[in-house]
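Observations on the three-dimensional arrangement
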Amino acid sequence: MTPTSPKLCFIHAIAIVVALASSSLHADEPLASWNDTATKQAIVEFVERVTNKDLPDYVAPEDRIATFDNDGTLWGEHPMYTQLAFAIDRVKTLAPQHPEWKTKQPFKAVLENDLPALAASGEKGLLELVMVSHAGISTAEFEAIVKDWLETARHPRFKKRYTEMTFQPMLELLAYLRANDFKTFIVSGGGVEFMRPMTQAVYGIPPEQVVGSSIKTQYEVKDGKPMLMRLAEIDFIDDKTGKPVGINKFIGKRPIASFGNSAGDREMLQWTGAGDGARLMMLVFHDDAEREYAYGPANGLPDTKFGTFPQSLMDEANEIGWHVISMKNDWKSIHPGDAE
């Protein structure tokens, strides 16, 4: 690579400043639910850098890929993951057909509403709960059950539908990116077939742009009708190191922007940041107990089993230059319809 002279570097920097200033003057104010902090400015400046053909960081529209975690990034994940709340309700519905669950964990904990025992079962227990409660039916039947549950179930604290527990600033961010010819994807540890029935209506993200964990399915013909049956076997876990694998396998391009909120998103942000050119990596930090929840354990906040944000992740973000979104300081409002 040929070294760049200090004079050229200076001219390059001036060109960027002038182009960004000109673009900002003529653009409508985006991200209305975001406070005017450095975090919001980082988003706007990044988008202008990669969409302005006069700047060296310009990215063609077909390569403007942005990936988003779902739980804790686009909608709430406390007091437990939404899909876990769904699985608990399913277990209670199916319990009369499974008397053995009365003495077998983690089902016993669910039937007795013993949340500490359920949490103590760890990832293995929660995975078993999800697999068993989600299997034995066709994909079409499962989709119908999910849609019905999302219509009727309510969040225990806010008494809203779970689809109303989305984060208004992130909905605006999705719209802002798409208005600038980004293609937005969900890349989540949640079940892909649990998310797909609602992502188009809630986020404007079509089902084919949702990457998630999955259980195995099997093609069968019943009463002359082809269908896919859901099996109680894991097919793919889209979490931690699985996220870059899922991105490569199902999207086929490295993102230039990625957004998460927990240790499960670390590798996705690392993978995004390892690419060439301008990159934007951000983490939502839940530090607003009054309007939502506050948990970490980073920065001394309470520890949690759901959406853990360890101090090591905060330290890595600060060291590398990932942006940490403070719900308390960066967002004017949390949920759609909230008063600012």
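Up top is the structure.
Below, the structure is looked at part by part. (Residues numbered from 1 in each chain as written. Predicted model: local features only at pLDDT ≥ 70, side-chain atom pairs only at ≥ 80, totals over all residues. Heavy atoms only, no water.)

1. Topic: the sheet that holds strand β6 (residues 280-285)
One open sheet accounts for seven strands, arranged β4-β3-β2-β1-β5-β6-β7; its pairing is mixed. Of all strands in the sheet, those with a lone pairing partner are β4 (225-236) and β7 (323-326), marking the two edges. When the angles between neighbouring strand axes are averaged without regard to direction, this sheet yields 30°. Pairing of strand β3 (residues 210-222) with β4, which is carried by eight bridges, proceeds in the antiparallel orientation. Directly across from S214, in β4, lies its bridge partner F236. With respect to the sheet, helix α2 (residues 38-51) is in contact with β5 (257-260), β6 and β7, its orientation differing from that of β6 by roughly 150°. (Pairing = 2+ DSSP bridges. Helix = DSSP H or I, 4+ residues; strand = E, 2+ residues; numbered from the N terminus. Axes fitted to C-alpha atoms, helices over the stretch in contact; angles between N-to-C directions. Contact = heavy atoms within 4.5 Å.)

2. Section: the pairing of β5
The side chains of a regular strand alternate between both faces of the sheet. Here β5 shows a buried face lined by A257 and F259 and a second buried face lined by S258 and G260. As defined by bridge partners, strand β1 (residues 65-68) adjoins β5 across three bridges and the pair is classed as parallel. The residue of β5 that forms the bridge with T67 is S258. Note: β5 against β6, four bridges, orientation parallel. (Buried < 20%, exposed > 50% of the residue type's maximum accessible area, 1.4 Å probe, protein only.)

3. Some remarks on the pattern of salt bridges
Close approach of charged atoms allows side chains with opposite charge to pair. Within the structure shown, the criterion is met by 16 salt bridges. Between K253 and D63 there is a salt bridge, with its nearest N and O atoms 2.9 Å apart. Remark: D63 occurs in the loop between α2 and β1 and K253 occurs in the loop between α10 (242-251) and β5; sequence separation between them is 190 residues. When its relative accessible area of 32% is taken as the criterion, D63 is described as partly exposed. For the salt bridge of K147 with E143, the shortest nitrogen-to-oxygen distance reads 3.2 Å. In this pair, K147 and E143 are both assigned in helix α7 (residues 139-152), four residues apart and thus about one turn of the helix distant. Residue E143 is classed as partly exposed on the basis of its relative accessible area, which comes to 33%. A network of salt bridges, in which partner residues are shared, links D69, K243 and D265. (Salt bridge = Lys/Arg side-chain N within 4 Å of Asp/Glu carboxyl O.)

4. Points about the side chain of E77
For E77, the location among the structural elements is in the loop between β1 and α3 (82-94). Residues within four places of E77 in sequence aside, it is in contact with D71, G72, N261, H286, Y295, F306 and G307.

5. Digging into the packing of aromatic side chains
As enumerated under the stated definition, the model contains 14 aromatic pairs in all. Ring plane angle 20° and centroid distance 5.1 Å describe the contact between W149 and Y162, whose orientation is recorded as stacked. Placement of the pair is W149 in helix α7 and Y162 in the loop between α7 and α8 (168-179), with a sequence separation of 13 residues. Residues W149 and Y162 agree in their burial class; the two are buried. Ring geometry for W149 versus F194: centroids 6.3 Å apart, planes at 55°, classification tilted. Within this pair, whereas W149 is found in helix α7, its partner F194 is found in helix α9 (residues 192-203), the two being separated by 45 residues in sequence. Of the two residues examined, W149 and F194, each falls in the buried class. (Phe/Tyr/Trp six-rings, centres within 6.5 Å; stacked < 30°, edge-to-face > 60°.)

6. With respect to helix α6 (residues 122-134)
With 13 residues, α6 should reach 18 Å at 1.5 Å per residue; the first-to-last C-alpha distance of 18 Å fits that figure. Buried-residue contacts for α6 involve α3, α4 (107-111), α5 (115-120), α7, β3 and β4. Positive backbone phi, approximately 85°, marks G136, located one or two places after α6. (Expected span 1.5 Å × (residues − 1).)

7. Some remarks on the environment of G190
Residue placement: G190 occurs in strand β2 (residues 183-191). A C-alpha to C-alpha distance of 19 Å links G190 and F285, two positions 95 residues apart in sequence. Look past the residues within four positions of G190 in its chain and what remains in contact with it is D71, Q83, M195, G212 and S213.

8. Some thoughts on the pairing of β7
Here β6 runs beside β7; their pairing, made up of four bridges, is parallel. In the strand pairing of β7, L283 is matched with V324. On the question of chirality, the crossover connecting β6 to the parallel β7 by way of helix α12 (residues 311-320) is right-handed. (Right-handed = clockwise from strand over helix to strand, strands pointing away.)

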